[in-house]
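Results of the structural survey
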Amino acid sequence: MRALALVCTLNASPAPSSSHHLAGQVMAEFERHGVRGEIVRVADHDVRPGVEVDMGDGDAWPALREKVLAADILLLATPIWLGHPSSLCQRVLERLDAELSESDDEGRPLVYGKVATVAVVGNEDGAHKVSADVFQALDDVGFSLAPGAVTYWVGEAMQGTDYQDLDETPETVASTTRTLAANAVHLARLLADAPYPAP
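What comes next concerns the included structure. Bear in mind the structure is a predicted one, so any value in this text is a computation, not a measurement.

Moving on to unusual backbone geometry. Here S13 and P14 are connected by a cis peptide whose omega angle stands at 5 degrees. In this structure, P14 sits in the loop between strand 1 (2-7) and helix 1 (18-32). A positive phi angle is found at D57, which is not glycine, with a value near 55 degrees. Within the secondary structure, D57 sits in the loop between strand 2 (36-41) and helix 2 (61-70). Classification of D57 by relative accessible area gives exposed; the value is 66%. At L82, a position not held by glycine, the phi torsion is positive, near 55 degrees.

What follows is the structure in structure tokens.
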């Protein structure tokens, strides 16, 4: 099985990123379950705005889309900005909207049978709201969600600590990440063996 992490930090590589840091921890947990993966920073690619599979003119989304379609598990990692997912996360969701018009030979959306997970970081409360927004969009386009499909860390309100700067990962975050990985891999294996029925 394969996993793909799309990290929606606003910082291009090699700038440090708490979203990338948490995504790396999730991917390490996936690997413990025998799932290989890749982390891609969306900011490193010229993903054009729009809701089509290919917006033309050098659009980088088609190549990233191929990675999404080749993966069994998708992780979207986003910071919280102004109480919302990052603009790059929203752009990824908008580009995934095109999958509503794409189907297999039996009429199922191409992302049916794929499992989605979410990782959220921020310095204010709001991880539940952000994950709810992202979950609904992922569900709308056909991804499946396992129980506990989100892991997150939010710092104390009105403080400036970044997740990547913590001396150690809080056990509550680590255990939530372990649960996310175990449940997502379990569901992905079930769906691989027993796909959803055709409409």
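So that's the structure; there's more coming.
Turning our eyes to something else, we now look at helix 5 (residues 171-193). With 23 residues, helix 5 should reach 33 Å at 1.5 Å per residue; the first-to-last C-alpha distance of 33 Å fits that figure. If you check which residues of helix 5 are buried, you get V173, A174, T177, L180, A181, A184, V185, L187, A188 and L191. Next to the buried residues of helix 5 lie helix 1, strand 3 (73-81), strand 5 (115-122) and strand 6 (144-154).

This brings us to the packing of aromatic side chains. Within a pair of aromatic rings, the relevant descriptors are the distance that separates the centres and the angle that separates the planes. Applying the stated criterion across every chain, the model contains 2 aromatic pairs. Taking the centre distance of 5.6 Å and the plane angle of 70 degrees together, the rings of Y112 and Y196 count as edge-to-face. Of the two residues, Y112 sits in the loop between helix 3 (87-96) and strand 5 while Y196 sits in the segment after helix 5, which places them 84 residues apart along the sequence. Between the aromatic rings of W153 and Y163, the centroid separation amounts to 5.6 Å while the plane-to-plane angle is 40 degrees, which identifies the pairing as tilted. With W153 in strand 6 and Y163 in the loop between strand 6 and helix 5, this residue pair connects regions lying 10 residues apart in the sequence. Residue class for W153 comes out buried when judged on its relative accessible area of 11%.

Quick notes on the rules
Residues numbered from 1 in each chain as written. Predicted model: local features only at pLDDT ≥ 70, side-chain atom pairs only at ≥ 80, totals over all residues. Heavy atoms only, no water. Helix = DSSP H or I, 4+ residues; strand = E, 2+ residues; numbered from the N terminus. Buried < 20%, exposed > 50% of the residue type's maximum accessible area, 1.4 Å probe, protein only. Expected span 1.5 Å × (residues − 1). Contact = heavy atoms within 4.5 Å. Phe/Tyr/Trp six-rings, centres within 6.5 Å; stacked < 30°, edge-to-face > 60°.

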